[in-house]
Amino acid sequence: MTTLTALTVKGLTTGYDKVNVLHDVSIDVAPGKITCILGANGAGKSTLIRSILGLTPPRQGTIHWQGRNLAGEKTHKIIGSGIACIPEGRKVFPRMSVAENLALGAFLETNAARVRERLARVYEIFPRLKERATQLAGTMSGGEQAMVSIGRGLMAEPTLLIIDEPSLGLSPLFVQENFNVIKQINTLGITVLLVEQNARQTLAIAHYGYVLSQGRVVAQGSAAELAGNDEVRAAYFG
Ligand code: ATP
């Protein structure tokens, strides 16, 4: 079955303990595109990702992935169905080599030849990681660790890659490099859900976006529409 959206979140309300953090959130992630979620600290971006991954399940509303309702699905099943997530803060395993970090991303693949093929593809995208394959990941620069983290996500051969705040804590040069890589990954056919505070650079590569404020979608539109929206500019363009 072909679907017009890869991922559809409809009327999602959820939160922690007695407090709801997301209220009636609806988003569509189109296949093959970069969709972004913009929002300030505490807007609920990470909670939305947690909900998609089954870590903070919906209290109301539904999440469909490729036409399938994810209600009640376990996180490992969701990850196994082609969704990979690159967490905020580029968590690498510091005392493992770059190659070992990357291999961990393919832990669901038991065929060693296929793991090698994937590794070769990641090295094509990130030649620097190939050069540094045996270096301990913890000794790489912040920007290089970001590459390791994205590369590890790609090792799962995802259909949808969710990337949580890739620009966080990176110098402007690395931010630009990182966003170029995300664009490149998307041109390889991988659908991207990009969650960011950095509106300017995000909207430069995204196709469509949503603005989340205090747990609600307050604006949505094509990247060009959002970039031209005065309220979005005032709130998120710094
Ligand atoms: P940031 O950009 O700072 O990461 P965010 O947009 O990702 O922010 P969330 O992390 O989703 O926002 O947080 C939204 C709200 O939910 C915040 O008020 C936060 O304090 C609260 N929250 C997040 N995680 C938990 C938790 N595990 N238990 C209770 N409250 C939480």
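Per an unreviewed UniProt entry, the recorded name for the protein chain is ABC transporter ATP-binding protein, and the organism is Actimicrobium antarcticum. UniProt, in the comment section headed Sequence similarities (unreviewed entry), describes the protein chain in these words: "Belongs to the ABC transporter superfamily."

**Some thoughts on the site of the ligand**
In the neighbourhood of the ligand, 13 residues make up the surrounding shell, with Gly42, Lys45, Ser46, Thr47 and Glu165 lying closest. One of the backbone N or O atoms of Gly44 is found 2.9 Å from an oxygen atom in the ligand. At 2.7 Å from an oxygen atom of the ligand is found a side-chain nitrogen or oxygen belonging to Ser46. Protein coverage of the free-state accessible area of the ligand, which is 630 Å², stands at 57%. Looking at which element gives the most residues to the shell around the ligand, the answer is helix α1 (residues 45–52), with three residues. Tallied by class, the residues present in the shell around the ligand amount to four nonpolar, six polar and three charged.

**Regarding empty space enclosed by the protein**
By the definition in use, this model includes two cavities of 30 Å³ or more. Looking at the second largest cavity, its volume works out to about 40 Å³. For the second largest cavity, the full set of lining residues is Gly143, Ala146, Met147, Leu170, Phe174, Glu177, Asn178 and Val181. For the lining of the second largest cavity, the secondary structure elements donating two or more residues are α6 (142–154) and α7 (172–187). No other element matches the four residues that α7 contributes to the lining of the second largest cavity. Split into classes, the residues belonging to the lining of the second largest cavity amount to five nonpolar, two polar and one charged. Here the lining of the second largest cavity spans two domains, and each of domain 1 (1–82 + 158–238) and domain 2 (89–157) adds at least three residues to it.

**Things to note about the pattern of salt bridges**
A side chain with one charge may pair with a side chain of the opposite charge, provided their charged atoms come close. All told, the structure shown has nine salt bridges when counted by the stated rule. For Arg118, the salt bridge identified is with Glu109, shortest N-O distance 3.1 Å. Glu157 is the partner of Arg118 in a salt bridge, and the nearest nitrogen-oxygen pair spans 3.8 Å. With Arg118 in helix α4 (residues 112–125) and Glu157 in the loop between α6 and β7 (160–164), the pair connects residues that are 39 residues apart, well separated along the chain. The exposure class assigned to Glu157 is partly exposed, which follows from its relative accessible area of 38%.

**A short note on the pairing of strand β9 (residues 208–213)**
Here strand β3 (residues 34–38) pairs with β9 via four bridges, running parallel. Bridge pairing in β9 links Cys36 to Gly209. Here six bridges tie β9 to strand β10 (residues 216–222), and the two strands are oriented antiparallel to one another. Bridge pairing links Tyr208 to Ser222 in β10. Joining the antiparallel neighbours β9 and β10 is a turn of two residues, in which Gln214 adopts a positive phi near 45°.

Reading guide: rules and limits
Residues numbered from 1 in each chain as written. Predicted model: local features only at pLDDT ≥ 70, side-chain atom pairs only at ≥ 80, totals over all residues. Heavy atoms only, no water. UniProt positions renumbered as here; feature names shortened; annotations may be inferred. Near = heavy atom within 4 Å. Polar contact = N/O pair within 3.5 Å; in protein donor to acceptor, adjacent residues only side chain to side chain. Areas by Shrake-Rupley, 256 points an atom, 1.4 Å probe, with all protein chains shown as cover. Helix = DSSP H or I, 4+ residues; strand = E, 2+ residues; numbered from the N terminus. Nonpolar A, V, L, I, M, F, W, Y, C, P; charged D, E, K, R; others polar. 1 Å grid on protein atoms, 1.4 Å probe; cavity = no way out; pocket = protein on both sides within 12 Å on 5 of 7 lines; lining within 4 Å. Points joined across faces, edges and corners; volume = space filled by probe spheres on them. Domains from an automatic or database assignment. Salt bridge = Lys/Arg side-chain N within 4 Å of Asp/Glu carboxyl O. Buried < 20%, exposed > 50% of the residue type's maximum accessible area, 1.4 Å probe, protein only. Pairing = 2+ DSSP bridges.

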